[in-house]
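# Reading the structure
Now for the letters of each chain:
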Amino acid sequence: MSSSTEPQVEDATREPPSPPSPTASFYDMSDDEEGGYSTIRHSKSGKGVKLLYTKSKVYVHPSPSARDNIPGYVAVMQQKPARDLIASPPTSPGSSSSVGRRAEINSLLLAWVPEKSLGEANTIYTKVESNDSGEPPKQSHLVPAPPVTTSHSSSVGAYAFAIPVTDIFSILVRPPNTGWWFGSIVINTRAGDSFPALFFHDSECQSTIDQRKKLQRENFSISGEDGEGMFWGGDEVIRWLKKFVTVERSSQEPSVYLIEPSESDRVGFGSAGKPTPDKVRNVLEGKHKDDPAQPRKGSVNDGDPVMKALKQARWSFLEKMSQVTTFTRRTAQAVAENKNLPPQVRRLMQDPQVQTVSDEFDSARLYLARWAMGIAEQSERERSQRIWTAKDMLEMEETGVGEFEVLDMEAQDLSLMDKRKPVTVEEWNGYFNVGTGVLEKTPDEVKDRIFHGGLDPDDSVRKEAWLFILGVYEWTSTKQERHAKMNSLRDEYIRLKGAWWERMLDEQGTLEEREWWKEQKMRIEKDVHRTDRHIPLFAGEDIPHPDPDSPFAEAGTNVHLEQMKDMLLTYNEYNRDLGYVQGMSDLLAPIYAIEQDDAVAFWGFVKFMERMERNFLRDQSGMRLQLVTLDQLCQLLDPKLYDHLQKVDSTNFFFFFRMLLVWFKREFSFPDILRLYETLWTDYLSSNFHLFIAMAILEKHRNVIIDHLKGFDEVLKYVNELSGTIDLPSTLIRAEALFRRFQRTVEAIDRKSSFPGMPKPELRQRLPVPPPTSPGVDGRPRRASQAATGSSAGASASGRAPTVGDHVAAGIGAQKEKVVTPELRALLSREVPKLDKQEVKDHGGGVGA
Amino acid sequence: MSSRKKILLKVIILGDSGVGKTSLMNQYVNKKFSASYKATIGADFLTKEVLVDDRLVTMQLWDTAGQERFQSLGVAFYRGADCCVLVYDVNNAKSFDTLDSWRDEFLIQASPMDPESFPFVVLGNKVDVGEDKRVVSGKRAMAFCQGKGGIPYFETSAKEAVNVEQAFEVIARNALAQEESQDFNPDFPETIPINIGEQNQGCNC
Ligand SMILES: Nc1nc2c(ncn2[C@@H]2O[C@H](COP(=O)(O)OP(=O)(O)OP(=O)(O)O)[C@@H](O)[C@H]2O)c(=O)[nH]1
Ligand SMILES: [Mg+2]
């Protein structure tokens, strides 16, 4: 019996510590003949294990594609340490002392072996499987030992694994539902690990078919273990285990079978006591309930409770890959009706509120798509423990599963390099000359650090560092210069603030101006009271409102809200061509929260606004430009997704409007926004890196969008509801991977076209002239329908700002040829696109115009 | 077959920034009011199922940003609307004065087939705020509505859930009537989509 797995054989009795007694043997328990056992002694010691039970056509489903399913055998094996075999003859029957029993259990393994790796042992597996006595075979059948593990990360996938039964905490059992899903089991270890689900393809499994026939003959029934459903492969596994160990089905959690439960486990899951949410979660997460890391209070309570609970659904998590891409209405219903769904989830599905959602198929599809995505999101967080390695991903690439996964692989690689810590205040101070306070690194080195590691949220480093990355301070400045600069900025702020204050008192200016100003004041007031009020800084209502006529006079206010209003009114005065526009309060709040000094925050905001002005123009030309650029980026990087978006009328990319307008402020938590903004402010890779963040978010959800979203409204709703669910660190990594891919693609296209005089990237982006007529019923700019060959050069040289229509390379749609438009090329630039004064005057829509 | 067709009613809610559009929608759909809803950016919608005379319909309520400059983006949603709700704040005269232009803009962009009969509903919101703060009287609002061909008018409070349910019931009813009147028109849905369908399938010649 040769086997490549031999060298990996571990001594399964190494843990738990209690060593097997010399008397240990399966036959101590089973009254079997000693003769059979002697075979083991004759064998090459320790090189084989005794196959007691096995069942074929048990699959691992490593990917959504059925093609990737790996057939194998599930088996109960008995391992006998070599020293025992040699040292001690089996003892006489009847010595079933607890020591003996313990030891005997210690030698048992629950294993899964892929068909392909069986080799010669194939015939033995077949033989043992066909033994229909219900007892282990009398004869010893030795097979190569699979590698023994207690955690799956190392060996699971295409490889066999075996878990000592003593290390199993519980087994989750989900019976099959004909036509809908295969029955499956998940092994949870005491260490808190879960092995991938094993799926029983009963209809292919001869032994199961035979057993069903036999049951029908003998009992006129083919119901299984619990008398509930049809007998299936998983029933057998539970029956086998019951021969050797205590297996208790939790009455509270009918899908959970506890293996050798302790008294406290029994109380937790069994007959006594009600399950608490924590207990349920422990089970769902495969955690031992005594795990000191539990419970994680609080984390479950925020956000949509339904989503949170569903995310906890371990079952779905384990089947995530198949569910994410194959969710259909039928499975949706099946899930809702499935008795084996964790009660927590089932209850929620039965909740009338949720039920109405499910009844309504269109909304249900969105809802379930989100659910499936939540599961995928969780899997991403736990990716390091999953069986998905970069190698698997590569293999998937070959089998053509899609670019999505490949991208994730790239992202993973980056993440490995990226284990960089945030910049602390000590590190930051170390960048500067102690005497002069001049930066002793290059700005790029500092930006690299901030881009990849962020600034430490727990110390004061942001207060100063932000002023550099926002451009309030020059990178080359001395400490003294900065000091002087800040003093003059403070004076200037006070002057500007005084100006509108006077305006308020004197009512100067034209009637129109005064009207505008009053309106703006009102707008700012309303918006400040609606901005980030959940942040403690802005939450209070502890001082009376200074203006008793304000609609907020009753509610009260706090000093920070009042400072916010002052800063925004000052900005409204400072930039009269544009004035205050909704969304600006969202952009100011993070800066103020960090600086907590109105003058400093004001100037930080002014600098931020220099690049954001284009988002707020009256004619929306700046937003259009970005949405069009995103449209082109999507065409270039993910044509398949783009095709789908086209089909569902969503290529206006309006569903990204909110994200782009206020830089994802409404999508991430406040602390995440701080990290995101400082990353974007560095312009380290691109001054338009926010578009890659957008693309990263889109890519993450592209499968759900393609598979489930059938209309513009569904896309909008789905994307809007991502708010609060997006994981920032992985998004940043994915965005970087996308940028690199974009860069390579552009280089490749340039090489291919070997166009000698490629137009230089336009560093200062110009705004597109708004479409001559109204933007069209769908709100998107009109496009040139004919190929604009050699698109960019002419338009930009003529001095006329090119229209969007000029730029969008037709040709992309027509010939599927990849074209780098000027908008796309501009994404390679690190220079911040700013408007000139005149442009703001022309398009701003403020009172200065 | 057509009688079993699911009925989706598209309702657009318009009005100046801060009049309470988001709050009204949330009060109606989620039965709650929060003082800290954020200013709406872009657009969003909520759906609610309601029974109108024993017919189950789904209302899709579209909420957009109130500041004028964002309106050019909102037009995409106006198309196919079954009812338009115009909201003003009874304590803010300007928000009432702009109702007319909201209505005009909607009619231009949505271009319903029969603008004269297209259903609008006007809501005067924030009536919970003290009478001393109120600047637009119910009388004035009603006169406006009369002048526009008898638009139904409600005085509401999203904060205290006053009249919200009643208003939206009328909105649903009028939207359904509008939707059904559309169904009787045979030419509208048929001529254009045929071409689109062909394009989508691609030409195999
Ligand atoms: N007292 C009172 N306040 C209200 C009422 N409805 C809304 N508000 C307040 O008015 C402000 C604006 O409400 P929103 O619902 O956000 O207004 P909106 O029309 O959606 O505004 P935009 O999204 O900017 O277009 C908020 O501070 C609300 O708390 C109401 O019925 N009574
Ligand atoms: Mg709103």
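Structure: above.
Reading the values: the criteria
- Residues numbered from 1 in each chain as written.
- Chains lettered and ligands numbered in written order.
- Predicted model: local features only at pLDDT ≥ 70, side-chain atom pairs only at ≥ 80, totals over all residues.
- Heavy atoms only, no water.
- Pairing = 2+ DSSP bridges.
- Helix = DSSP H or I, 4+ residues; strand = E, 2+ residues; numbered from the N terminus.
- Axes fitted to C-alpha atoms, helices over the stretch in contact; angles between N-to-C directions.
- Contact = heavy atoms within 4.5 Å.
- Core = buried A, V, L, I, M, F, W, Y, C linked by side-chain atoms within 4.5 Å.
- Buried < 20%, exposed > 50% of the residue type's maximum accessible area, 1.4 Å probe, protein only.
- Expected span 1.5 Å × (residues − 1).
- Donors = N, O, S within 2.8 Å, 3.2 Å for Na, K, Ca; no water.
- Buried area = accessible area lost by both parts, 1.4 Å probe.
- Salt bridge = Lys/Arg side-chain N within 4 Å of Asp/Glu carboxyl O.
- Near = heavy atom within 4 Å.
- Polar contact = N/O pair within 3.5 Å; in protein donor to acceptor, adjacent residues only side chain to side chain.
- Areas by Shrake-Rupley, 256 points an atom, 1.4 Å probe, with all protein chains shown as cover.
- Phe/Tyr/Trp six-rings, centres within 6.5 Å; stacked < 30°, edge-to-face > 60°.
- Lys NZ or Arg CZ within 6 Å of the ring centre and 35° of its normal.

### Concerning the sheet that holds strand β1 (residues 7–14) of chain B
Residue and element names in this part refer to chain B. On the basis of which strands lie adjacent, the open sheet formed by six strands has the order β2-β3-β1-β4-β5-β6 and mixed pairing. Among the strands making up the open sheet, the edge pair consists of β2 (43–52) and β6 (153–155). Averaged over all pairs of adjacent strands, the angle between strand axes in this sheet comes to 25°, irrespective of strand direction. Two elements, β1 and strand β4 (residues 83–89), share four bridges in a ladder whose sense is parallel. Bridging across to β4, L14 finds its partner in L86. Against the sheet, helix α1 (residues 21–30) contacts β1, β2, β3 (55–64), β4 and β5 (120–125), and its axis sits at roughly 155° relative to β3.

### A few points about the nonpolar core
W428(A), M584(A), F653(A), F656(A), L676(A) and F106(B) are the most contacted members of the largest nonpolar core, which totals 156 residues. A total of 10 residues in this core trace back to one element, the largest contributor, which is helix α27 (residues 598–612) of chain A. If we ignore the near neighbours within four places in the chain, the residues touching M584(A) are L568(A), Y571(A), L578(A), G579(A), F605(A), M609(A) and F616(A). In terms of nonpolar packing, the next biggest core, distinct from the first, is built from 32 residues, W112(A), I163(A), F200(A) and V237(A) among them.

### Digging into helix α26 (residues 584–595) of chain A
Residue and element names in this part refer to chain A. Helix length check: α26, at 12 residues, gives a terminal C-alpha distance of 17 Å against a target of 16 Å (1.5 Å per residue), a fit within 8%. A large share of α26 lies buried, amounting to 12 of its 12 residues. In this structure, the buried side of α26 is in contact with α21 (461–470), α23 (511–528), α24 (536–539), α25 (559–574), α27 and α31 (670–681). Directly after α26, the chain includes Q596, whose backbone phi takes a positive value near 50°.

### What about the coordination of the magnesium ion (ligand 2)?
Residue and element names in this part refer to chain B. Within the protein, T22 (OG1) and T40 (OG1) serve as the donor atoms for the magnesium ion (ligand 2), at 1.9 to 2.0 Å. Here the residue T22 occupies a position in helix α1, and T40 occupies one in the loop between α1 and β2, the gap between them amounting to 18 residues. Here T40 falls in the buried class, since its relative accessible area comes to 15%.

### Considerations on the interface of chain A and chain B
With 44 residues of chain A at the contact, the number on the chain B side is 34 residues. For the pair chain A and chain B, the summed buried surface comes to about 3,500 Å²; carbon and sulfur atoms form 52% of the total. Where chain A packs against chain B, one counts three salt bridges. Between D44(B) and K717(A) there is a salt bridge, with its nearest N and O atoms 3.8 Å apart. Only α23, α30 (657–661) and α34 (712–720) of chain A provide two or more residues apiece to the side of chain A that touches chain B.

### Things to note about the site of ligand 1
Near ligand 1 lie 25 residues; those nearest to it are R530(A), K21(B), S23(B), D128(B) and A158(B). In this structure, a nitrogen atom belonging to ligand 1 sits 3.2 Å away from a side-chain N or O atom of N125(B). At a separation of 2.9 Å, an oxygen atom of ligand 1 approaches a polar side-chain atom of K126(B). Taking 650 Å² as the accessible area of ligand 1 by itself, protein coverage stands at 95%.

### Looking at the packing of aromatic side chains
Any pair of aromatic rings gets described here by the distance separating the centres and the angle formed by the planes. Here the structure, examined in full by the defined rule, presents 44 aromatic pairs over all chains. For the pair W428(A) and F468(A), a centre-to-centre distance of 5.6 Å together with 70° between the ring planes defines the contact as edge-to-face. Separated by 40 residues along the polypeptide, W428(A) in helix α19 (residues 425–430) and F468(A) in helix α21 bring together distant segments of the chain. In this pair, the class of W428(A) matches that of F468(A), namely buried. For the ring pair Y28(B) and F168(B), a centre distance of 4.3 Å and an interplane angle of 10° mean the geometry is stacked. You can see Y28(B) sitting in helix α1 and its partner F168(B) sitting in helix α6 (residues 164–183), a full 140 residues away along the chain. Relative accessible area serves as the criterion here: at 2%, Y28(B) is assigned to the buried category. Stacked on the ring of F45(B), the Lys or Arg K717(A) has its end atom at 5.0 Å from the ring centre. In this structure, R103(B) packs its charged tip against the face of F120(B), placed 5.3 Å from the ring centre.

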